[in-house]
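Chain by chain, the residues run as shown.
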Amino acid sequence: MKRSGGILLHITSLPGNEGCGTLGEEAFGFVDSLKETGIKLWQILPLGPTGFGNSPYLCYSAFAGNPILISLKELEKSGLLNLSDLKRVPRFSKKQVEFERVGEWKYPLLRKAFSNYQPLENIDLKNEYQQFINEHGWWLNDYALFMALKKQFNGLTWHEWDESIKIRDKKTLSEFRYQMAEEIEFRKFLQFCFFRQWHNIKEYANSKEIQIIGDMPLYVANDSVDVWANTDVFQLNDNLKPTFVGGVPPDYFSETGQLWGNPVYNWQRLKERDFDWWMARLHFNLRMFDYARIDHFRGLESFWSVPARENTAENGEWIPALGFEMLDNFRSQKGDMNLIAEDLGVITSEVEKLRDDFNLPGMKVLQFAFSSDATNNDLPHNYGNNFIAYTGTHDNNTTSGWFHLAKGDEKKNIRKYFKGRKKRVSLWAVEAVWSSVADVVITPM
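Quantities reported herein were computed from a predicted structural model and do not represent experimental measurements.

S.K.: Explanation requested: the nonpolar core in the structure shown.
M.R.: Side chains of a nonpolar character, in soluble globular proteins, are inclined to be buried together. Residues W42, W198, W228, W267, W278, L300 and L339 are the most contacted members of the largest nonpolar core, which totals 107 residues. Among the elements that take part in this core, helix α4 (residues 123-152) stands out by supplying 13 residues, more than any other. Contact partners of L339, with chain neighbours within four places excluded, come to L282, L286, A292, I294, L327, F330, L360 and P361. Judged by nonpolar contacts, the second largest core, of 17 residues, contains L366, F370, A406 and F418.

S.K.: Is there a simple way to explain the packing of α4 against helix α10 (residues 276-288) in this structure?
M.R.: The description of two packed helices rests on the angle between their axes and on the distance between the axes. Taken N-terminus to C-terminus, the directions of α4 and α10 make an angle of 130°; their axes are 13 Å apart at the nearest point. One element, α4, and the other, α10, form an angle in the oblique class. Between α4 and α10 lies a crossing of left-handed hand. Where α4 abuts α10, its residues E135, H136, W138 and W139 lie against A280, F284 and R287. Looking at the contact of α4 with α10 residue by residue, the class counts come to four nonpolar, one polar and two charged.

S.K.: Explain the pattern of salt bridges here, please?
M.R.: Where charged atoms from two side chains of opposite charge come close, those side chains can pair. One pass over the full model with this rule turns up 28 salt bridges. In this structure, R355 engages D343 in a salt bridge whose closest nitrogen and oxygen atoms are separated by 2.6 Å. Of this pair, R355 sits in helix α12 (residues 349-357) while D343 is found in the loop between β9 (339-341) and α12, placing the two residues twelve residues apart along the sequence. Residue classification places R355 among the buried residues on the basis of a relative accessible area of 9%. D343 gets classed as buried once you look at its relative accessible area, which sits at 8%.

S.K.: How should I be thinking about the sheet that holds strand β7 (residues 302-307) in this particular structure?
M.R.: Consider a sheet: its strands pair through backbone hydrogen bonds, and that pairing is either parallel or antiparallel. The strand order across the open sheet built from four strands is β5-β4-β7-β8, with neighbouring strands paired in antiparallel fashion. Two strands close off the open sheet at either side, each with one partner strand: β5 (258-263) and β8 (317-320). The average undirected angle you get between the axes of adjacent strands in this sheet is 50°. Sheet analysis places strand β4 (residues 244-248) next to β7, joined by four bridges and oriented antiparallel. Within the sheet, the bridge partner assigned to F244 lies in β7 and is P307.

S.K.: Is there a simple way to think about the pairing of strand β10 (residues 362-365) in this case?
M.R.: In regular strands, side chains alternate between the two faces of the sheet. Side-chain alternation along β10 places G362 and K364 on one buried face and M363 and V365 on a second face that is also buried. Pairing analysis gives four bridges linking β10 to strand β11 (residues 387-390), with the strands arranged parallel. Across the sheet, residue K364 finds its bridge partner in β11, namely A389.

S.K.: It is not clear to me how the packing of aromatic side chains should be interpreted in this structure. Could you clarify?
M.R.: The geometry of an aromatic ring pair comes down to the distance between the two centres and the angle between the two planes. Tallied over the full model, the rule gives 42 aromatic pairs. Between F30 and W42, the aromatic rings sit 4.9 Å apart at their centres with planes inclined by 65°, giving edge-to-face as the arrangement. Separated by twelve residues along the polypeptide, F30 in helix α1 (residues 25-36) and W42 in strand β2 (residues 41-43) bring together distant segments of the chain. The class of F30 is buried, set by a relative accessible area of 9%. The buried category is assigned to W42, whose relative accessible area is 0%. A ring pair is formed by F195 and F284, whose centres lie 5.9 Å apart and whose planes are at 80°; its orientation type is edge-to-face. Taken together, the positions of F195 in helix α7 (residues 181-207) and F284 in helix α10 put the pair 89 residues apart, joining distant regions of the chain. Like F284, F195 is buried. Above the face of the W228 ring, R168 is positioned so that its terminal group lies 4.4 Å from the ring centre.

Scoring rules and cut-offs
Counting starts from 1 at the beginning of each chain's written sequence and moves along it residue by residue. Only residues with pLDDT of at least 70 are given local features in this predicted model, and only at 80 or more are side-chain atom pairs given and counted; all residues enter the totals for whole chains, interfaces and linings. Only heavy atoms go into the side-chain values, all of them from the structure, while hydrogens and water stay out. In this text, buried Ala, Val, Leu, Ile, Met, Phe, Trp, Tyr and Cys residues form a nonpolar core when linked through side-chain atoms within 4.5 Å. Only protein chains enter the accessibility calculation, which uses a 1.4 Å probe; a residue is then buried when its area is under 20% of its type maximum, exposed when over 50%, and partly exposed in between. Numbering goes from the N terminus for both helices and strands, where a helix is a DSSP run of H or I of at least four residues and a strand is a run of E of at least two. The contact criterion used is simple: two residues touch if any of their non-hydrogen atoms lie within 4.5 Å. Axis lines are fitted through C-alpha atoms, for helices just across the contact stretch, and the angle between N-to-C directions can take any value from 0 to 180 degrees. Oblique is the label for every angle not falling under 35 degrees (roughly parallel), over 145 degrees (roughly antiparallel), or within 65 to 115 degrees (roughly perpendicular). With the far helix as reference, a near helix turned anticlockwise by less than a right angle produces a left-handed crossing, and one turned clockwise produces a right-handed crossing. When residues are sorted by character, Ala, Val, Leu, Ile, Met, Phe, Trp, Tyr, Cys and Pro go into the nonpolar class, Asp, Glu, Lys and Arg into the charged class, and all the rest, Gly among them, into the polar class. By salt bridge we mean one thing: a side-chain nitrogen of Lys or Arg within 4 Å of a carboxyl oxygen of Asp or Glu. Any two strands between which DSSP finds at least two bridges are classified as paired. By convention, a stacked pair of Phe, Tyr or Trp rings (six-membered ring in the case of Trp) has centres within 6.5 Å and planes under 30 degrees apart, an edge-to-face pair has planes over 60 apart, and any other such pair is tilted. The criterion for a charge sitting over a ring is simple: Lys NZ or Arg CZ within 6 Å of the ring centre, and within 35 degrees of the ring normal.

Shown next as structure tokens:
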């Protein structure tokens with residue numbers, strides 16, 4: 001990566017009057033502001049359709065886009081909605097996204113756009129839609145069916161569906177596809193609208209010499225089409241429930257570790273399939289984005305595996321993964337990989353070797369730098385070139401909040417590093433990382 005600066009801002013945080021940031025004019029405006037200030041990189045969080053809790057790191061699909069990010073204004077410009085449809089907008093909070101309220105207001109309008117599309121005599125748009133269906137059918141067909149079934153079974157997880165549909169009995173699948181054809185087509189239409197708008201944003205950003213960094217969680221949600229349609233590549237029991245789940249062991253931040261609940265991969269089965277699921281995912285993400293950050297990269301070297309019956313992450317063990325073989329397979333297909341390793345936390349020499357063997361940039365976070373002495377790897381004067389340096393990430397407090405909550409030796413070390421400055425610490429923090437030798441520096445907004 002060329003030496004450059006970037007901003008971390010998720011799409012949901014963009015301004016606008018739809019209750020949630022969208023892929024509309026505000027996104028184009030943000031690109032313009034990046035261009036004006038010389039910023040070359042825009043980093044976002046995962047864009048998938050979120051499940052319970054609305055976390056972009058727990059999505060119903062590793063490939064689909066979140067429909068609430070679709071700009072209704074852009075649909076109106078395409079003739080799929082009328083101006084009158086956009087006049088009665090609820091008064092949403094200006095401070096945070098009210099995801100449920102946004103969905104309740106937006107989905108009826110998205111269904112109206114779908115109804116308006118069906119009789120529409122726009123040959124170009126129809127051809128574009130058909131091309132999208134043909135190109136993306138390999139993941140889209142299962143996803144659209146999955147979401148239609150979620151609606152049919154009142155939002156229950158797929159493990160609670162009727163047995164025949166849970167185990168993907170071919171005859172039953174065929175019957176449901178026939179019965180729910182309209183709902184399935186609606187789900188496909190939403191994805192068409194999402195990706196149409198997304199690629200317009202990406203092309204516009206690239207035309208302004210701005211590249212986009214996407215984010216790819218290592219694991220997928222248990223309640224996802226990815227697990228339902230690929231049960232053999234995850235460690236599941238005879239009832240298709242996870243036998244082992246992912247997380248991290250106890251550490252400085254958590255006495256009982258972190259128990260995420262995601263099913264862990266069956267790496268041997270992935271290898272037997274020539275890592276096809278991972279290959280598809282990596283290729284897909286590098287078509288969506290200019291770079292893709294692999295969240296929890298260390299899980300590609302070895303992963304913390306916890307029996308699914310446990311209530312904490314304490315009683316797990318490190319199990320070797322086949323990340324090297326998988327990435328080597330991808331490199332032979334892709335060449336330039338354009339991947340970023342999220343190598344935070346307790347990282348071993350084996351993880352560093354995996355990162356360096358593929359020449360992937362790692363990460364440094366200033367907020368982690370002051371818990372020890374001047375040799376701390378996250379201090380700017382200790383950075384190497386092939387890193388992306390952050391003041392903080394989406395997992396951290398703001399820099400101001402972090403400084404005000406710091407205590408004891410950490411607070412003393414911060415003040416010492418910034419030469420006693422107590423005001424505008426955020427500014428000094430940004431300046432510290434931007435003055436480092438790291439090839440890329442990204443500041444969260």
